[in-house]
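Each chain, written out:
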Amino acid sequence: MKCSDFRAAAFLPIVLLVLFAATGCRGELPTTEERDTVVLLHGLGRSDMSMRRMERRLVESGYTVLNVGYSSTEHSIEHISETELRPALLECCSHPELRVHFVTHSMGGIVVRYYLAHHEMNNLGRVVMLSPPNQGSELADWVAENEFLGRLLGPSAEQLGTDSTSVPNQLGAVDFEVGIITGNRTLNPLYSGIIPGEDDGKVSVERAKVEGMADFLIVPHTHTYIMLAEDVAYQTVYFLQNGEFDRSEEGDADREGAASADSVPGEEE
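Everything numeric here is computed off the predicted structure, so don't read it as measured data.

Right, let's talk about helix H4 (residues 107–118) for a bit. Taking 1.5 Å per residue, 12 residues should reach 16 Å; H4 reaches 17 Å between its end C-alpha atoms and fits that length. A large share of H4 lies buried, amounting to 10 of its 12 residues. If you check which residues of H4 are buried, you get Met107, Gly108, Gly109, Ile110, Val111, Val112, Arg113, Tyr114, Tyr115 and Leu116. Packed against the buried residues of H4 are strand S1 (37–41), helix H3 (77–92), strand S3 (100–105), strand S4 (124–130), helix H7 (155–158) and helix H8 (167–171).

With that settled, consider the packing of helix H2 (residues 52–60) against helix H10 (residues 230–242). Look at H2 against H10: their axes get within 10 Å of each other, and the N-to-C directions meet at 45°. Taken as axis vectors, H2 and H10 run oblique relative to one another. Between H2 and H10 the crossing geometry is right-handed. Of the residues in H10, those in contact with Met54, Arg57 and Leu58 of H2 are Glu230, Val232, Ala233, Tyr234, Thr236, Val237 and Leu240. Taken together, the residues of the contact of H2 with H10 break down into 7 nonpolar, 1 polar and 2 charged.

Glancing now at the packing of aromatic side chains. The full count for this structure, using the stated rule, is 3 aromatic pairs. Judged by centre distance (6.0 Å) and plane angle (65°), the rings of tryptophan 142 and tyrosine 191 are edge-to-face. Taken as a pair, tryptophan 142 in helix H5 (residues 138–144) and tyrosine 191 in helix H9 (residues 189–194) lie far apart in primary sequence, 49 residues in all. A residue is classified by how much of its surface remains accessible, and tryptophan 142, at 33% relative accessible area, is partly exposed. Note on tyrosine 191: relative accessible area 23%, which makes it partly exposed. Centre to centre, the rings of phenylalanine 239 and phenylalanine 245 are 5.2 Å apart; their planes meet at 40°, and the pair counts as tilted. Taken as a pair, phenylalanine 239 and phenylalanine 245 share a single burial class, namely buried. In this arrangement the basic side chain of lysine 209 is found over the ring face of phenylalanine 216, its NZ or CZ atom lying 5.2 Å from the centre.

In this model, the chain carries a mean pLDDT of 84, and residues with pLDDT of at least 70 account for 80%. The low-confidence segment residues 257–261 (pLDDT under 50) makes 7 contacts with residues lying over four places distant or belonging to another chain.

Here we take up a nonpolar patch on the surface. Taken together, the side chains of Trp142, Leu190 and Ile194 define a hydrophobic patch exposed on the protein surface, amounting to about 270 Å² of accessible area. For isoleucine 194, the position within the fold is in helix H9. Residue class for isoleucine 194 comes out partly exposed when judged on its relative accessible area of 31%.

Tracing the chain through its elements places glutamine 159 in the loop between H7 and H8. Taking the relative accessible area as the measure of exposure, glutamine 159 reaches 16% and is therefore buried. Aside from chain neighbours lying at most four places away, what touches glutamine 159 is Ser76, Ile77, Glu78, Ser166, Val167 and Pro168.

With 16 residues, H3 should reach 22 Å at 1.5 Å per residue; the first-to-last C-alpha distance of 21 Å fits that figure. If you look at H3, its biggest bend is around 35°, right at leucine 85, and the proline proline 87 turns up within four residues after that. Buried positions along H3 lie against S1, strand S2 (64–68), S3, H4, H7 and H8.

Here the structure, examined in full by the defined rule, presents 8 salt bridges. With its nearest N and O atoms 3.5 Å apart, the salt bridge here joins arginine 99 to aspartate 36. In this pair, arginine 99 sits in the loop between H3 and S3 while aspartate 36 sits in the loop between helix H1 (3–22) and S1, placing the two residues 63 residues apart along the sequence. Note on arginine 99: relative accessible area 34%, which makes it partly exposed. Residue arginine 207 is joined to glutamate 138 by a salt bridge in which the shortest nitrogen-to-oxygen separation is 2.8 Å. With arginine 207 in the loop between H9 and strand S6 (215–219) and glutamate 138 in helix H5, this residue pair connects regions lying 69 residues apart in the sequence. Looking at glutamate 138, the relative accessible area reads 13%, which means it is buried.

Here is what the cut-offs are and how they apply
Numbers given to residues run from 1 along each chain, matching the order in which its sequence is written. Residue-level local features of this predicted model are given only where pLDDT is at least 70; pairs of side-chain atoms are given and counted only at 80 or more, and the full residue set underlies all totals for whole chains, interfaces and linings. Hydrogens are left out, water is left out, and the side-chain values use all remaining heavy atoms of the structure. Note on conventions: DSSP H or I runs of at least 4 residues are helices, E runs of at least 2 residues are strands, and numbering of each starts at the N terminus. Helices are assigned an expected span. That span is 1.5 Å times one less than the residue count. Burial classes: relative accessible area under 20% of the type maximum marks a residue as buried, over 50% as exposed, and values in between as partly exposed (1.4 Å probe, protein chains only). Throughout, a contact is declared for two residues whenever any of their heavy atoms are within 4.5 Å. Orientation is described by lines fitted to C-alpha atoms, with helices fitted over the stretch in contact, and by angles between N-to-C directions that extend from 0 to 180 degrees. Under this scheme an angle from 65 to 115 degrees is roughly perpendicular, one under 35 degrees roughly parallel, and one over 145 degrees roughly antiparallel; angles in between are oblique. What makes a crossing left-handed is the near helix being turned counterclockwise from the far one by less than a right angle; a clockwise turn instead makes it right-handed. Residues are sorted three ways: Asp, Glu, Lys and Arg are charged, Ala, Val, Leu, Ile, Met, Phe, Trp, Tyr, Cys and Pro are nonpolar, and all the rest, Gly among them, are polar. Only the six-membered ring of Trp is used, alongside the rings of Phe and Tyr, when aromatic pairs are assigned; centres must lie within 6.5 Å, and planes under 30 degrees apart are stacked while those over 60 apart are edge-to-face, with the rest tilted. Placement of a positive charge over a ring is assigned whenever Lys NZ or Arg CZ falls within 6 Å of the ring centre and within 35 degrees of the normal to the ring plane. As a per-residue measure, pLDDT tells how confident the predictor is, with possible values from 0 to 100. Note that patches include only residues with greater than 30% relative accessible area and no salt bridge, and the join distances are 9 Å for like charges and 5 Å for nonpolar side chains (Val, Leu, Ile, Met, Phe, Trp, Tyr). For accessible areas, the Shrake-Rupley method is used with a probe of radius 1.4 Å. Any residue's cover is judged against the shown protein chains and nothing else. Here, a salt bridge means any Lys or Arg side-chain nitrogen found within 4 Å of an Asp or Glu carboxyl oxygen. Note on bend: the value at a residue is the angle between axes fitted to the seven residues ending there and to the seven starting there.

Here it is in structure tokens:
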């Protein structure tokens, strides 16, 4: 055997090991083709970057993840649902035997509600909404009265008001399995002064609720950073797996021991 051949043979097991690890072929996880998919939808004025930490946690939990970025400040909720969300779902989530779940932040929950109200999904799994304005928000009422903010935040923001003609209030009760997590901390006393009752700085606790929801959980986080909190990620995965939030001693310890993500710099909504 030539010296070069010997060196090649010696390094072959290492190369194979590296390639094996790089493909993600680990015995404890199913292949991508066998995994349920979780579709992530960010909130108004945000991007898919705001959901990257949640994306990593879901991938670690064995899901295929589709993190959808969409033009939240440029188009209406109807337009976003039909021309941005629908094509993504048709391309990536049409396998009839694998369930498709949704995890949303803020307005992303209303986009999903609109989509599911107008399209049947036979492989629909569970939905977790983080701080959704399911009954609208008083801040959206304020935006509708302010021409500058209306131009800045776009047509979808004005559709999230609290009156009966707003998109969320026209959608009615949900008929799918949804768990809602909302916060009760605020970074903006001015905004919270506009919102009656307990709130997360953008949406009141009461207005996050929707008729027909399977479970509801309040956490000590703000609207802006709720999707970054470790306890929220834990509860999100738990709901996707069990259809309810974890209120056991383990779940309580996780919530109490989780480091707050509210001081992490990020995009505003």
